[in-house]
Amino acid sequence: MSQNKPRRLWSSLPIILGAILLTFLIYQYGEKWLRNILIYLSHATWARDLISTLPVAKQVAGRFVAGETAEDAMSTTQTLNQQGRLVTLDYLGESVSDSAEAIASKDEILSLFKKIHDTGVQANVSIKLTQLGLKINKELALDNLRQILTEARKYNNKVRIDMEESQTVDATLDIYRTLRDQEGFNNVGVVIQSYLYRSEKDVCQLVNEGAWVRLCKGAYAEPPEVAFPNKADTDANYIKLLQMMLTEEARKNGMYIGLATHDENMIQAAIQYVREHNIPPEAFEFQMLYGIRRELQEKLVQEGYQVRIYVPYGTAWYPYFVRRLAERPANLWFFISNFFRS
Ligand code: FDA
């Protein structure tokens with residue numbers, strides 16, 4: 001034990017120095033800088049190889065991830081359903097560069113619909129196109145998603161395409177429209193990010209199409225050429241877009257929106273708008289991530305709103321976890337303090 005301690009301290013040195021450096025840089029340059037570094041780390045292979053092997057990282061990630069298997073995810077879903085919350089299941093994985101990996105992800109996702117049906121839980125499924133091979137070949141991702149939608153349709157279930165980095169938005173909307181409008185799949189929805197300048201134009205089109213849309217702020221590091229650099233502008237755009245998607249015209253067209261945010265100001269703005277316009281709670285839903293703002297989730301359920309929880313599972317938790325750290329630096333201190341306690 002006493003011999004282990006100096007060895008452990010020595011092997012922890014890079015993390016200790018990293019923590020000191022981070023503290024200094026945050027003090028010097030602020031949180032935005034830290035957020036960009038963390039988002040970079042979320043897709044850096046060297047960082048994934050280093051951090052994902054730390055038992056403490058896995059332990060802290062457990063706050064945001066339901067477990068490694070579909071059974072873990074189903075049991076979390078059952079608990080959340082009992083608490084009045086709906087679920088969207090996410091089999092973790094993204095940016096795959098090998099078609100065998102994309103096909104394996106597709107197969108795992110295909111198997112979910114029967115499990116959801118057999119257990120009788122209230123859940124749909126979210127996927128990422130780069131998990132299905134978008135970065136290898138657009139046709140591969142399209143074909144994988146087509147198979148997923150066909151299986152989901154058999155069980156009367158739905159699939160949401162998560163939105164990733166801005167370079168993938170055109171391809172994502174193209175695939176969405178090919179499947180929905182040309183091939184007639186009405187069980188597919190997309191995500192709009194309020195930090196992108198282009199989103200207002202995309203929303204106008206989606207309103208005309210009566211789409212099924214999740215609205216979020218956006219979780220990636222985007223340059224000022226494509227995204228609002230300031231949080232206040234992203235927030236103002238979020239409110240503008242949610243109002244556009246809740247208009248009578250949008251709802252008549254069949255639009256249904258998921259307001260994905262933990263921000264009480266956004267939630268209050270939505271509640272105020274729906275009250276002023278007598279919009280029933282069935283016309284939309286709030287969405288939050290598993291493990292985040294649980295008391296707020298519960299409060300909304302008690303007030304009679306529909307709340308859906310995004311429940312990720314699987315072994316590829318690293319990038320998802322680091323994006324959650326980026327969204328709230330306090331999570332990073334939680335991670336570091338657990339590291340020293342373990
Ligand atoms: P904001 O970041 O302003 O946070 C508001 C408050 O919420 C914080 O002050 C804090 O209290 C709490 N909070 C937020 N994040 C937290 C965290 N990680 N840990 C602890 N507390 C936190 N993004 C994307 O680009 N593509 C997508 O497809 C999706 N999909 C998606 C689905 C669902 C259901 C949700 C809720 C979110 C996404 N996102 C996403 C992520 C989204 O873009 C955004 O990064 C996060 O939701 C954080 O933004 P907020 O709206 O919560 O506001």
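Keep in mind it's a predicted model, so treat the numbers as computed, not measured.

## Brief notes about the site of the ligand
The environment of the ligand is made up of 25 residues, and the closest members are Lys 217, Gly 218, Lys 231, Thr 261 and Glu 327. One of the side-chain N or O atoms of Thr 261 is found 2.6 Å from an oxygen atom in the ligand. Relative to its free-state accessible area of 920 Å², the ligand is covered by the protein chains to the extent of 88%. The element best represented in the shell around the ligand is strand S7 (residues 284-289), accounting for three residues.

## Considering the side chain of Asp 202
Tracing the backbone shows Asp 202 in helix H10 (residues 199-209). Residue classification places Asp 202 among the buried positions, given a relative accessible area of 8%.

## A word on the packing of aromatic side chains
As enumerated under the stated definition, the model contains eight aromatic pairs in all. For the pair Tyr 91 and Tyr 313, a centre-to-centre distance of 5.3 Å together with 45 degrees between the ring planes defines the contact as tilted. Taken together, the positions of Tyr 91 in strand S1 (residues 86-91) and Tyr 313 in strand S8 (residues 307-313) put the pair 222 residues apart, joining distant regions of the chain. Given the relative accessible area of 0%, Tyr 313 is considered buried. Note on Phe 286 and Tyr 305: the rings are 5.6 Å apart at their centroids and 80 degrees apart in plane angle, and the pair reads as edge-to-face. Residue Phe 286 is found in strand S7, and its partner Tyr 305 is found in the loop between helix H14 (294-302) and S8; the two are separated by 19 residues along the sequence. Judged on exposure class, the residue Phe 286 and its partner Tyr 305 are both buried. In this structure an aromatic cluster arises from ring pairing among Phe 64, Trp 317 and Phe 321. In this structure, Lys 158 is placed above the aromatic ring of Trp 212, and the distance from its NZ or CZ to the ring centre is 4.5 Å. Directly above the ring of Tyr 320 sits Arg 324, whose terminal nitrogen or CZ lies 4.4 Å from the centroid.

## Focus: helix H15 (residues 318-327)
Counting buried residues along H15, nine of its 10 residues qualify, which places the element largely inside the surrounding structure. Listing the buried residues of H15 in full gives Tyr 318, Pro 319, Tyr 320, Phe 321, Val 322, Arg 323, Arg 324, Leu 325 and Ala 326.

## Some thoughts on the environment of Lys 252
Along the chain, Lys 252 falls in helix H12 (residues 248-252). Considering only alpha carbons, one finds Lys 252 and Asn 208, 44 residues apart in sequence, at a separation of 9.8 Å.

## As for the sheet that holds S7
In space, the eight strands of this closed barrel follow the order S1-S2-S3-S4-S5-S6-S7-S8, with parallel pairing throughout. Neighbour-to-neighbour, the strand axes of this sheet turn through a mean angle of 30 degrees, independent of strand direction. Looking at chain direction, strand S3 (residues 159-161) and strand S4 (residues 188-193) are connected through two bridges and run parallel. Paired with Arg 160 across the bridge in S4 is Gly 189. Its contacts with the sheet put helix H7 (residues 99-119) on S1, strand S2 (123-127), S3 and S8, and the angle it makes with S2 is roughly 170 degrees.

Basis of the calculations
- Residues numbered from 1 in each chain as written.
- Predicted model: local features only at pLDDT ≥ 70, side-chain atom pairs only at ≥ 80, totals over all residues.
- Heavy atoms only, no water.
- Near = heavy atom within 4 Å.
- Polar contact = N/O pair within 3.5 Å; in protein donor to acceptor, adjacent residues only side chain to side chain.
- Areas by Shrake-Rupley, 256 points an atom, 1.4 Å probe, with all protein chains shown as cover.
- Helix = DSSP H or I, 4+ residues; strand = E, 2+ residues; numbered from the N terminus.
- Buried < 20%, exposed > 50% of the residue type's maximum accessible area, 1.4 Å probe, protein only.
- Phe/Tyr/Trp six-rings, centres within 6.5 Å; stacked < 30°, edge-to-face > 60°.
- Lys NZ or Arg CZ within 6 Å of the ring centre and 35° of its normal.
- Pairing = 2+ DSSP bridges.
- Axes fitted to C-alpha atoms, helices over the stretch in contact; angles between N-to-C directions.
- Contact = heavy atoms within 4.5 Å.

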